[in-house]
Amino acid sequence: MTRNRTSRLRVGDRTVTLHRQGKELLPAGASGAGGGPEVTKGDLVTYYREIAPHMLPHLRGRPLMLERLPDGLDGERIMQKNVPAYFPDWIHRFEVDKEGGTVLHALCDDTATLVYLADQAAVTLHRWQSRAPHLDRPDRLVFDLDPPGEGDFEAVRSAAHHVHDLLDAVGLASGVMTTGSRGLHVVAVLRGRQTFDEVRDFAKDAADILAAAHPDDLTTAQRKEDRGDRLYLDVQRNGYAQTAVVPYTVRARPGGPVATPFAWSRLDDPELTARRWTVENALDQARTDPWAGLARKGRAIGPAARKLAELRES
């Protein structure tokens, strides 16, 4: 990778100026599961440019929070919502009201924007569960499943099975992905007709049903001291303005692990871990199209909520 301080890259009909491409952002990971290469800024740019066709469908129209590491993993970690004034005019923006003002979020609608964000050391992209301009109508629902203890991935695997079975029972299609960190996300697709409050209430009710059915393994207790050895069913990412990591985004960890979708049939693969894929092999996994057709299977929450109520009463 060139170590020139400044270069230019043509991406579609845009020219992106690149800076310090040889700078290390992430050190190499430990050998074995979860290992991966040192990741320079140039490596990040190359990865995001190549993964763009698979990643952009999960990004377009969604306000972003950027997790930036301008001085690498050991430097300051910037969680950035507002678009700086120096961002190019061609990067799409969307202004969102908040108490006491507004936030001007970046939207990543094309490959050039993805490359530019990588050059800004935006290692990890976090997205809203809704799209502009209908930000009050989420079209994704997320269950965040992290292990109750380090290395307890079997608990995550089991919880994902339970969530998948319940969503299937109430008529919601879902996909599963590694987070690139500690666990898995189960993502259900919606039609975007209900409010965040309705979607969050459904997610909380679903989590309550699962915790009641598996009281020794699952919990909805928000306080860590109340969970014991049980896995916490986290549905907090389904509130308005909350974010979750984007499929195929790199995580800010050694070796460049990637949040990666996979087919439900691979959930019991003994080689599966939260960091199964890295910048070295996530593109090969993306090319298998593990969530084929999922985006077209969105359903309304209303009928699913009624079925959930029937399950609770049965």
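Calculation criteria
Residues numbered from 1 in each chain as written. Predicted model: local features only at pLDDT ≥ 70, side-chain atom pairs only at ≥ 80, totals over all residues. Heavy atoms only, no water. Pairing = 2+ DSSP bridges. Helix = DSSP H or I, 4+ residues; strand = E, 2+ residues; numbered from the N terminus. Contact = heavy atoms within 4.5 Å. Axes fitted to C-alpha atoms, helices over the stretch in contact; angles between N-to-C directions. 1 Å grid on protein atoms, 1.4 Å probe; cavity = no way out; pocket = protein on both sides within 12 Å on 5 of 7 lines; lining within 4 Å. Points joined across faces, edges and corners; volume = space filled by probe spheres on them. Nonpolar A, V, L, I, M, F, W, Y, C, P; charged D, E, K, R; others polar.

A. View of the sheet that holds strand β16 (residues 261-262). What the six strands build is an open sheet, ordered β13-β14-β10-β12-β11-β16; its pairing is mixed. Where the open sheet ends on each side, the last strands, each with one partner, are β13 (218-219) and β16. When strand β11 (residues 174-178) meets strand β12 (residues 184-189), the two strands line up antiparallel, connected through five bridges. Paired with T178 across the strands is L184, a residue of β12. Along the sheet, helix α4 (residues 196-213) contacts β10 (140-145), β13 and β14 (231-234); its crossing angle with β10, the most-contacted strand, is approximately 35°.

B. Examining the layout of surface pockets more closely. In this structure, the largest pocket occupies an estimated 380 Å³ of space. D144, D146, R182, D234 and R237 are, among the 18 residues lining the largest pocket, the residues nearest its centre. Classifying every residue of the lining of the largest pocket gives four nonpolar, five polar and nine charged. For the second largest pocket, the calculated volume is near 330 Å³. Looking at the second largest pocket, it is lined by 21 residues, and the ones nearest its centre are H54, P57, H58, D289 and W291. Elements represented by at least two residues in the lining of the second largest pocket include exactly α1 (41-55) and β12. Its residues assigned to classes, the lining of the second largest pocket shows 12 nonpolar, three polar and six charged.

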